[in-house]
Amino acid sequence: MSETPEEAPPMTDQADHRHEESQKDVFEDGPVDRRTFLQLSAATGAALSLPGAAAASEDDVTHEALTDRCDFVVNHTPDDYVASVVIEFDTDVPEGFNEYTDPDWDINDQEAPPTAVTREDPSPAAHARLDAAGLEDVLSEYGEHIESVDFSPGANPWWKLEEPYADGVFPAVAESRDYLAFEESVQGIEYLESEVDPDRLNFFSIGESPGWANEFTGQDPDPNDIYVTEVTNDVDDRDAFAEKEKVVYSLNIHGDERAGTEAGCRLIEDIATGNAPEFEALLDDIAIIFLFTNPDGWVSRKPETVVPWVEGHNRNFQRGNASWFDGPVDTNRQYPTIGWTDPGFRPAEPDGAPEEFEDLVSDSLAIVEHFRTYDNVEFLCDYHGMYTADHMVFNLETNAPFDHVGTHNLDEVSIRIGEAMHEEWGSVDSDPLASDITSAADTEYFWVDDYSPEGDSYDGLFDWGTIYDSLAYQVTGAFLSWAGQPEEFGGLGAVTVAPEIIISNNFTSAIKEWKPYWVRHYETAYRLSMREYAKMTAAERDATVVTGGQDTAYVSSDTLTRSSADLSHTDESPGRGRGRGQDRATRVQQRHEAVQPGPSGRASIDTPADDSAHSLSVHFEGLDTASKGTVELVNPGGNVVREIDLTARDDPNVPEARRHDFEGWYVPQPEAGDWTIEVDADAEVSVQTTLLESEEEHPDPEEVLGYEQREYVVNPMQFFEDLEPFVEDGDIDGLRVHDVRNGRLLRGRSGKRHYDKLVVSHDDGLDDPQYVAAIEEFVEAGGDLVLTDSGVNLLGELEVGDAADIGDDHVDDITVQFANLENRAFDHDLLAGIRTRQQEMWKGSQLGYTVGVDQPATVVDEDAFEAAGGEVAGTIDDEGVGAGRLYAGDSEINVLGSVLPPAQQSELHPFGMADYSVSFMGHTLLCNALGFEQRRFRNGEEIRTYGQIR
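Residues numbered from 1 in each chain as written. Predicted model: local features only at pLDDT ≥ 70, side-chain atom pairs only at ≥ 80, totals over all residues. Heavy atoms only, no water.

1. Side note on the overall build of the chain
- In terms of helices and strands, the chain carries 23 helices and 37 strands.
- Every one of the 950 residues in the chain was classed for burial, and the buried ones make up 64%.
- When contacts within the chain are restricted to residue pairs at least 6 apart in sequence, those whose partners lie at least 24 apart make up 77%. (Helix = DSSP H or I, 4+ residues; strand = E, 2+ residues; numbered from the N terminus. Buried < 20%, exposed > 50% of the residue type's maximum accessible area, 1.4 Å probe, protein only. Contact = heavy atoms within 4.5 Å.)

2. Details of a negative patch on the surface
- A contiguous patch of negative charge on the surface is contributed by Asp-763, Asp-808, Asp-809, Asp-812, Asp-813, Asp-861, Glu-862, Asp-863, Glu-866, Asp-877, Asp-878 and Glu-879.
- Within the residue set of the negative patch, elements represented by two or more residues are strand S31 (811-816) and helix H22 (862-867).
- At three residues, H22 tops the list of elements feeding residues into the negative patch.
- One can find Asp-812 in strand S31. (Patch = residues over 30% accessible without salt bridge, like charges linked within 9 Å, V, L, I, M, F, W, Y side chains within 5 Å. Areas by Shrake-Rupley, 256 points an atom, 1.4 Å probe, with all protein chains shown as cover. Salt bridge = Lys/Arg side-chain N within 4 Å of Asp/Glu carboxyl O. Lys, Arg positive; Asp, Glu negative; His and termini not counted. Charge placed at Lys NZ, Arg CZ, Asp CG, Glu CD.)

3. Describing the sheet that holds strand S37 (residues 941-946)
- With antiparallel pairing, three strands are arranged side by side in an open sheet as S16-S36-S37. Two strands bound the open sheet, and with one partner strand each, they are strand S16 (541-546) and S37. Adjacent strand axes in the sheet meet at a mean angle of 25 degrees, parallel and antiparallel pairs treated alike.
- Looking at chain direction, strand S36 (residues 933-938) and S37 are connected through five bridges and run antiparallel. Considered in S37, the bridge of Gln-934 is made with Tyr-946. (Pairing = 2+ DSSP bridges. Axes fitted to C-alpha atoms, helices over the stretch in contact; angles between N-to-C directions.)

4. As for the pairing of strand S7 (residues 225-231)
- Of all seven residues that make up S7, six are buried, and the element is covered over most of its length.
- Two elements, strand S5 (residues 201-208) and S7, share seven bridges in a ladder whose sense is antiparallel. Residue Leu-201 lies in a different strand from S7, and its bridge partner there is Val-231.
- The pairing of S7 with strand S9 (residues 286-292) spans five bridges and is classified as antiparallel. The partner of Tyr-227 across the bridge, within S9, is Phe-292.

Printed below as a string of structure tokens:
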């Protein structure tokens, strides 16, 4: 049996050995129809090759029962390739064929299913997984009884035969032969829609993927449909459908992460057949939408697909789609999110998309365009898979900003999923779950030995936080972040989360083997997740803030406002912004290089930068195949500024190590000189660099990406305006620096306060003695002061209470990679309601911040803070106090060093900016600092409170 050739040579008379029905299939799916083929053959007087056929060799497996596709698969794959085939017999399954079956097989044996299964009714057939030699043995032994042998990957062994669904469409995991196949799933859901419950299911294509080359049909590219399944009662009543609140399940945005699809398809069938009682009562009120997000990554496992960057094509699922843009395209980095856009990505904004994007990200463009037609999308859940972690499942909080209710909905659904998983399993140490995890990890990952999650949230089953909290990195361009951003900025305004489940991501170079003993658990986990999202969508949800009748003021400032009119490349609002509208001067240099491991395994790539360099973006592929070494980024001065420790990365005992592929670095404002990527690895690593150069202060997105700048005006003090409607008692008012210095905090000369709380989040007015004195008088009158971000600098000026002992030299403005609160004192009331995993106070990308070191924070020297009588609740980057409290008599002076920063405009942000992007942790820190109690309601009943009124 030969390796797959780059181009299949023409066959001569092989058509004589083909099953007649298989020829029909070839022409139905191929680039030419049968009539055209015969006309061309007659016109040339030659015997033309059937699409995808190849010349036979003496080593080929041949038999008249083989369909053309089966012939191609068996004879164009390595000798050890195991093909899934369905065999139809003439009368009965031959008695001797039972040697390939194992009626005693049990899923708890932690082994692959038996080689074959058989059926007698409604027609005698077998489904078998055989390599070439094994198939040749079967044909030799039973060939006279065999009518047809077809390639049939998938879970249902009979899906390609007549009457395939006698035992259901999508078998239970314990009865499945393999992962669900794309064509199998499409056919199965079409059947459920047309034959089982057309009143509940609406299944249709919304566009096409870029598509791989198909060596069998000859099509290049061979795009795949992107399907959506709408599920609700009376689904064809479109007016009622439009009004219903909706929950979206994105099942496979990364093609190699199969858990969402395995759970989603089976749930669709159970709802259609009335076997999902937990969903029955919901379907009058809500609509559930299943999105099959990345068909290219799914079908890449088919032997006939050509994955250009995988040598020999390893017949595995792929993370991204079939596109190549100086490297493989990650389908979860190409969405038009507000804030920072990596110039190495291709954001899929349908409005004004460059022509090349129609080829590169046609899938994302179709998804954005279609989902914008839906109203009332309340929740969107983007299902993923990860390597190993300290919990079985993570829920990743989106980067999108939410209002008060949205923030609580995000937290509440995670709590309910954790409770559901705990009810199902009790603990990650329960059997068979524990032993199945250990066995699956040992099989999937070479670095793992006796692995078991050791987290404590819900006994190791479930935990949640931001993307950084859970996976130790951050992103831009993610699907869930786009869907979560406000509708006025092109999103869906949904509460969005990305679940991640362990042992559900594989190496590019390793075949993803079917492990039903483990798949049954992640299918159950995601089924529980889908149930809880649906129930949350159907419930009445609310959240409020109680202040105890206290009034709050915050000091606004135009210095916090950021506007598209400020940008150097825009002519918007001339004279009112800082933009000059000058001629553009922006350039992009991109380079892709594969680094081969040499005798020493070490190589380097240089990227020269001059004074116009604005940013350097570096992305990798292939790190998942490396087990030893390091990857370093060295600046022109010879200093290592970024590093990936590949050895630690493969150690399951290093929880902070990033184990997924598509690693990346981003360096804003790189200094002039040669930047070097040093690769010391035991595997080939592909490196993509994008150097953005601009002679202007702000790079022009139209020149870099082809999109015009979207207009915006943002200010982080919008947080308080958005919070005010949820306050049950008390007022929240904005004041200017001028208002404060003129005495608005007090009631005239009475010495009584007009407000009980004051928030200062900037250092505007710091040099105004009258302004500072007014704040001191407010505190001395019993008012509580909350200082955030650069407003913490006010501590160096105040001469009141403990603050009098804090000098200018004790307060520092710093920049960090991520605004995380570390070394936390969880017994402090500032951290009430905050969980161990939660560290990231705000999420930077939608405010224009990158994954470089550019996030602002203002910290106080810890020793000086404590010496002044302060209580430290947490630090930032080990640089100083990031959360803490000082006193002035009965008044509190609470400090939060980084939670409401202004947007950063220096990086590409074609789709606008957010006002703020606090995490659940940041939101709760602010409410705790103000002495507010947060209350959460479900169906009118108060179910939880956070913080206490002070």
